[in-house]
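Analysis of the macromolecular model
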Amino acid sequence: MDEVPPVPEVAPPGVNINVPHSARIYDYWLGGKDNFAVDRAVGEAMIKAIPGMRHMAGENRKFVHRAVRDLVQKEGIDQFLDIGTGIPTRPNLHEIAQKIVPTARVVYVDNDPIVLVHARALMISTDEGRSEYISADIRAPESILNDKVLRDTLDFDEPVGLTLIAILMLIADDEDPWSKVAALRDAMPSGSLLAITHPTADFAPDEVHEAVAAAREAGMTLVARPRADVERFFGDWELLEPGLVPVSSWRPDEPSDNPEAAYYWAGVARKP
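Residues numbered from 1 in each chain as written. Predicted model: local features only at pLDDT ≥ 70, side-chain atom pairs only at ≥ 80, totals over all residues. Heavy atoms only, no water.

**Considerations on the overall build of the protein**
Along the backbone of the protein there are 10 helices and eight strands. A globule of 272 residues ought to have a C-alpha radius of gyration of about 19 Å, and the protein, at 18 Å, matches this closely. Dimensions along the principal axes, computed over C-alpha positions, put the protein at roughly 65 × 40 × 40 Å. Out of the 272 residues in the protein, the part that is buried amounts to 51%. For the protein, the proportion of contacts with a sequence separation of at least 24, taken over those separated by at least 6, is 75%. As presented, the protein carries roughly 12500 Å² of accessible surface, and 51% of it is formed by carbon and sulfur atoms. Averaged over its 27 positive side-chain charges, the protein has a centre that lies 2 Å from the centre of its 44 negative ones. (Helix = DSSP H or I, 4+ residues; strand = E, 2+ residues; numbered from the N terminus. Rg over C-alpha atoms; globule rule 2.2 N^0.38 Å. Buried < 20%, exposed > 50% of the residue type's maximum accessible area, 1.4 Å probe, protein only. Contact = heavy atoms within 4.5 Å. Areas by Shrake-Rupley, 256 points an atom, 1.4 Å probe, with all protein chains shown as cover. Lys, Arg positive; Asp, Glu negative; His and termini not counted. Charge placed at Lys NZ, Arg CZ, Asp CG, Glu CD.)

Structure follows, in structure tokens:
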């Protein structure tokens, strides 16, 4: 029997399937199907460096679920700005928030066209609430903050939940990611909360450095930062308990046997 040739990969308009993208690599680690050969190759190279990479991606998602739940239930937040959204993975942020408060409003931001395709299909709000998507880049915070959709959706007279989940690692130090986050913080009303996760080499330097090297070899920017550099992103905002901790240790539903097995720092802070 003749061998059937492989079906060529076809991407949505505007998507370059020859260049790896962090959102699609992350989708691959989570078991999704919205990724291409180039993404899987980089994803596998990073798994070779860090065998627990899929576990890490899963713990990062669990943090989002816990943080959003607590921000809504315990802090009274009913509107969110999620920058660096990635390919939708259910439950999405708005689904978690709107399950508790049906009128919750969420604005998602990402710069990958494939995320936009899925956002229109999967980020559907409750009738009472609102879920919107902006195609923009965190490197240009003013373009996000001045966007009409954002201003029409969120009320900047009330506290906002700002989430930056595994996104700041994609900005090199010489681009000054701290100033980008400071611009976002400055625009938030008093009482707003900022949730961040960020990969680090603090727990397993050799593994993480090898994974970073694999990403950079593929032409990607990936920066693993020490705890002090991650803490700088919060500025003078007050960290909520338990502070800046390994991602699995931030208010876990069940205690982790080895919280440092997921090489991320995670924290949530409140604006005075």
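**Remarks on the packing of helix α2 (residues 37-49) against helix α9 (residues 205-217)**
The interhelical angle for the contact between α2 and α9, taken along N-to-C directions, is 165 degrees, at an axis separation of 8 Å. Judged by the inter-axis angle, α2 sits roughly antiparallel to α9. Classified by chirality, the crossing of α9 by α2 is right-handed. Residues Val42, Ala45, Met46 and Ala49 of α2 pack against Glu207, Glu210, Ala211, Ala214 and Ala215 of α9. Along the lines of polarity and charge, the residues of the contact of α2 with α9 split into seven nonpolar, no polar and two charged. (Axes fitted to C-alpha atoms, helices over the stretch in contact; angles between N-to-C directions. Parallel < 35°, antiparallel > 145°, perpendicular 65-115°, else oblique. Left-handed = near helix turned anticlockwise from the far one by under 90°. Nonpolar A, V, L, I, M, F, W, Y, C, P; charged D, E, K, R; others polar.)

**Overview of the packing of aromatic side chains**
As enumerated under the stated definition, the model contains three aromatic pairs in all. Aromatic pair tryptophan 178 and phenylalanine 233: ring centres 5.4 Å apart, planes at 15 degrees, arrangement stacked. Highlighted residues: tryptophan 178 in helix α8 (residues 177-187) and phenylalanine 233 in the loop between α10 (227-231) and β6 (238-239), separated in sequence by 55 residues. Geometry around tryptophan 265 places arginine 227 over its ring, the cationic atom sitting 5.5 Å from the centre. Positioned above the aromatic ring of tryptophan 178, the side-chain terminus of arginine 232 is 4.0 Å from the ring centre. (Phe/Tyr/Trp six-rings, centres within 6.5 Å; stacked < 30°, edge-to-face > 60°. Lys NZ or Arg CZ within 6 Å of the ring centre and 35° of its normal.)

**Things to note about the nonpolar core**
With 91 residues, the main nonpolar core has Phe63, Leu81 and Leu164 as its most contacted residues. Examining the composition of this core, we find that nine residues originate from one element, helix α3 (residues 53-73), more than from any other. The residues touching leucine 164, leaving out its near neighbours within four places in the chain, are Ile83, Ile138, Val181, Leu184, Leu194, Ala195, Ile196 and Thr197. (Core = buried A, V, L, I, M, F, W, Y, C linked by side-chain atoms within 4.5 Å.)

**As for helix α1 (residues 22-29)**
Summarising burial for α1: seven of the eight residues are buried, a large majority. For α1, the full list of buried residues reads Ala23, Arg24, Ile25, Tyr26, Asp27, Tyr28 and Trp29. Downstream of α1 by a residue or two, glycine 31 has a phi angle that is positive, lying close to 85 degrees.

**What to know about the packing of α3 against helix α4 (residues 93-100)**
Describing two packed helices takes the angle between their axes plus the distance from one axis to the other. Viewed as axis vectors pointing N to C, α3 and α4 meet at an angle of 35 degrees, and their least axial separation amounts to 9 Å. Between α3 and α4 the crossing geometry is right-handed. Contacts from His65, Val68, Arg69, Val72 and Gln73 of α3 reach α4 at Leu93, Ile96, Ala97 and Ile100.

**Some points on the side chain of threonine 200**
Mapped onto the elements of the fold, threonine 200 is located in the loop between β5 (193-199) and α9. There is a polar contact of 2.9 Å between the side chain of threonine 200 and the backbone oxygen of arginine 225. A polar contact is formed between the side chain of threonine 200 and the side chain of tryptophan 265, at a distance of 3.3 Å. Not counting residues up to four positions away in its chain, the partners in contact with threonine 200 are Val208, Ala224, Arg225, Pro226, Tyr263, Tyr264 and Trp265. (Polar contact = N/O pair within 3.5 Å; in protein donor to acceptor, adjacent residues only side chain to side chain.)

**Here we look at unusual backbone geometry**
Here the amide bond leading from glutamate 241 into proline 242 is cis, since omega sits at 10 degrees, within 30 degrees of zero. Take proline 242: it is sitting in the loop between β6 and β7 (245-246). Of note in this structure, alanine 166 is not a glycine but carries a positive phi near 50 degrees. Following the sequence through the fold, alanine 166 ends up in the loop between β4 (161-165) and α8. With a phi close to 45 degrees, arginine 251 is a non-glycine residue in the positive phi region. When you line up the elements, arginine 251 lands in the loop between β7 and β8 (264-270).

**Here we look at the environment of alanine 67**
Within the secondary structure layout, alanine 67 lies in helix α3. Owing to a relative accessible area of 4%, alanine 67 belongs among the buried residues under this scheme. Residues alanine 67 and threonine 163, spaced 96 residues apart in sequence, show a C-alpha to C-alpha distance of 9.3 Å. Setting aside anything within four residues of it in sequence, one finds alanine 67 in contact with Trp250 and Val268.

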